[in-house]
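Survey of secondary and tertiary structure
Take a look at the letters that make up each chain.
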Amino acid sequence: MPESFAAFAVDAAPVHRRQPVPAQNHTPPATSGRLRETFENDLVLKYLDLAEALAARFEARGRERADLNQVAYLGLVKAARGFDQAKGESFPAYAAPTITGELKRYLRDRTWVVRPPRHIQDLRTRLFRAEPELTQSLGRNPSVTELASELGSDPAEVQEAMSASSSMHPDSLDAVNPNSDAPSIGEVLACPETPLERLEELSCLRDAMQDLNDSDRELLYRRYFCEETQVQLGKRLGMSQMQVSRRLAKVLVELHRRLEEGARAGAVDGALGDATPGGAVRRGHPANTVAPFHRPLRAGHSTAAKRADRRHGGTGAR
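Residues numbered from 1 in each chain as written. Predicted model: local features only at pLDDT ≥ 70, side-chain atom pairs only at ≥ 80, totals over all residues. Heavy atoms only, no water.

1. Quick notes on the layout of surface pockets
A probe as big as a water molecule, rolled over the atoms, marks out the empty space that is left. We count it as follows: A 1.4 Å probe that fits but cannot get out identifies a cavity on a 1 Å grid over protein atoms alone, an open set with protein on both sides within 12 Å along at least five of seven lines counts as a pocket, and a residue lines either if it has an atom within 4 Å of a point. Grid points are joined across faces, edges and corners, and a volume is the space filled by probe spheres set on the points. Helix and strand definitions follow DSSP, with helices as H or I runs of at least four residues and strands as E runs of at least two, each counted in order from the N terminus.
Put simply, the largest pocket is a space of about 620 Å³. Lining the largest pocket are 20 residues, and of these Phe58, Arg63, Lys104, Leu107 and Thr125 sit closest to its centre. Among the elements of the structure, helix 5 (91-110) and helix 6 (118-138) are those that each provide at least two residues to the lining of the largest pocket. Counting residues per element, the lining of the largest pocket draws most heavily on helix 6, at 7 residues.

2. A short note on the packing of aromatic side chains
To keep it simple, the criterion reads: We call Phe, Tyr and Trp rings a pair once their centres come within 6.5 Å, taking the six-membered ring for Trp, and we label the pair stacked below 30 degrees between planes, edge-to-face above 60, and tilted otherwise.
This structure, assessed with the given rule, holds 5 aromatic pairs. Judged by centre distance (5.8 Å) and plane angle (50 degrees), the ring pair of phenylalanine 83 and tyrosine 94 falls under tilted. Remark: tyrosine 94 occurs in helix 5 and phenylalanine 83 occurs in the loop between helix 4 (65-82) and helix 5; sequence separation between them is 11 residues. Within the aromatic cluster, the residues linked to one another by ring pairs are Phe39, Tyr47, Phe83, Phe91 and Tyr94.

3. Notes on the nonpolar core
Rules: For the purposes of this section, nonpolar cores are sets of buried Ala, Val, Leu, Ile, Met, Phe, Trp, Tyr and Cys residues that join through side-chain atoms within 4.5 Å. Each residue's exposure class comes from its accessible area (1.4 Å probe, protein chains only) as a fraction of the maximum for that residue type: buried when under 20%, exposed when over 50%, partly exposed otherwise. Any two residues whose heavy atoms approach within 4.5 Å at even a single point are treated as in contact.
Ranked by internal contacts, the top residues of the largest apolar core, which has 19 residues, are Leu43, Leu68, Ala72, Leu76, Phe91, Ile99 and Leu103. Mapped onto this core, the elements with two or more residues apiece are helix 2 (29-46), helix 3 (48-56), helix 4 and helix 5. For this core, the leading source of residues is helix 4, giving 6 residues. What leucine 103 contacts, discounting residues up to four positions off in sequence, is Leu54, Ala55, Phe58, Leu68, Val71 and Ala72. Core analysis: the next-biggest nonpolar cluster, separate from the first, contains 15 residues, Cys204, Leu205, Leu248 and Leu255 among them.

4. Thoughts on helix 12 (residues 214-225)
How we decide: Take the residue count of a helix, subtract one, and multiply by 1.5 Å to get its expected span. Each C-beta atom gives one direction from the helix axis, and the arc is the one those directions make.
Taking 1.5 Å per residue as the helical rise, helix 12 with its 12 residues ought to reach 16 Å, and the 15 Å between its terminal C-alpha atoms agrees with that figure. Asp216, Leu219, Leu220, Arg223 and Tyr224 are the residues of helix 12 that are buried. All buried residues of helix 12 project into a common sector of 100 degrees when viewed along the axis, lining one side. Facing away from the buried side of helix 12, by more than 90 degrees, are the exposed residues Asp214 and Phe225. Following helix 12 by one or two positions, glutamate 227 adopts a phi angle in the positive range, close to 60 degrees.

5. What to know about the confidence of the model for the chain
Note the cut-off: Residue-level confidence of the predictor, termed pLDDT, takes values from 0 up to 100.
The share of residues in the chain with pLDDT of 70 or more is 70%, and the mean pLDDT across the chain is 75. The weakest mean pLDDT in the chain belongs to helix 1 (residues 3-12) at 44; the strongest belongs to helix 3 at 93. The model gives residues 1-16 a pLDDT under 50, and that stretch makes 1 contact with residues more than four places away or in other chains. Every residue in residues 21-27 scores below 50 in pLDDT, and together they form 1 contact with partners more than four places removed in sequence or on other chains.

Okay, here's the thing in structure tokens:
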């Protein structure tokens with residue numbers, strides 16, 4: 001190739017020159033993060049009063065104001081982190097639902113000693129709103145049926161919602177009724193000194209006493225619970241001590257007979273139940289009827305009344 005053509009080829013070769021890149025104003029990520037954090041902190045500090053005002057709406061018995069404020073502050077922080085000024089300029093309008101939702105979630109999940117189902121909690125809230133209005137319109141306290149009709153719910157669920165208040169704030173075992181002389185709940189609970197082994201015997205004896213007439217039951221009550229002597233009973237009833245003794249003996253024999261009959265009937269029913277195939281009707285009981293329940297007695301149950309009398313010195317005068 002001639003040298004002139006070679007020089008021409010070199011001069012004609014395209015020259016790739018680097019184009020200047022326009023300068024861009026990018027803020028470093030660290031600086032942007034610090035600005036956002038400062039913005040969120042300013043929002044939180046500026047609207048602390050809003051959080052406290054919303055927490056005050058939920059203050060009630062058993063709810064500590066300091067705990068509610070802490071939960072409201074947590075909701076305020078969440079609102080500040082999720083706030084986008086480009087989508088709206090009013091931060092209080094965005095933060096109020098967030099804080100309220102956080103408070104409601106806390107009350108739903110953390111303030112119940114015995115937590116009822118969610119639908120019972122919601123029904124309880126609706127019940128508290130509807131009850132004052134219904135009371136004002138009726139001029140009296142509404143019944144459970146009327147409340148259920150107003151709320152469109154089942155009466156059993158309304159009754160459960162009304163009873164759910166004790167699940168949030170249960171009564172103390174040491175609490176006493178100021179309008180009554182009844183002992184506290186803690187005083188009537190079973191304790192190691194309670195004769196639990198005799199409870200079944202006492203239950204059987206109580207069932208046997210149900211069919212006695214009122215005068216015989218009063219006689220047993222005054223003799224064995226009030227611990228009155230036969231002489232005192234004779235003066236009260238206008239009888240001699242011997243007559244009182246004979247009447248007590250007659251009542252105790254009758255109780256003994258009923259306890260024995262109950263024990264035998266229970267044993268017979270148990271044997272028939274084991275021998276009767278499924279679906280068969282027991283002998284002595286017509287179809288579509290329920291056989292009477294007889295409490296089976298252990299050995300010695302039939303002598304419960306006699307032992308009670310012996311502890312008080314028999315049927316003789318004290």
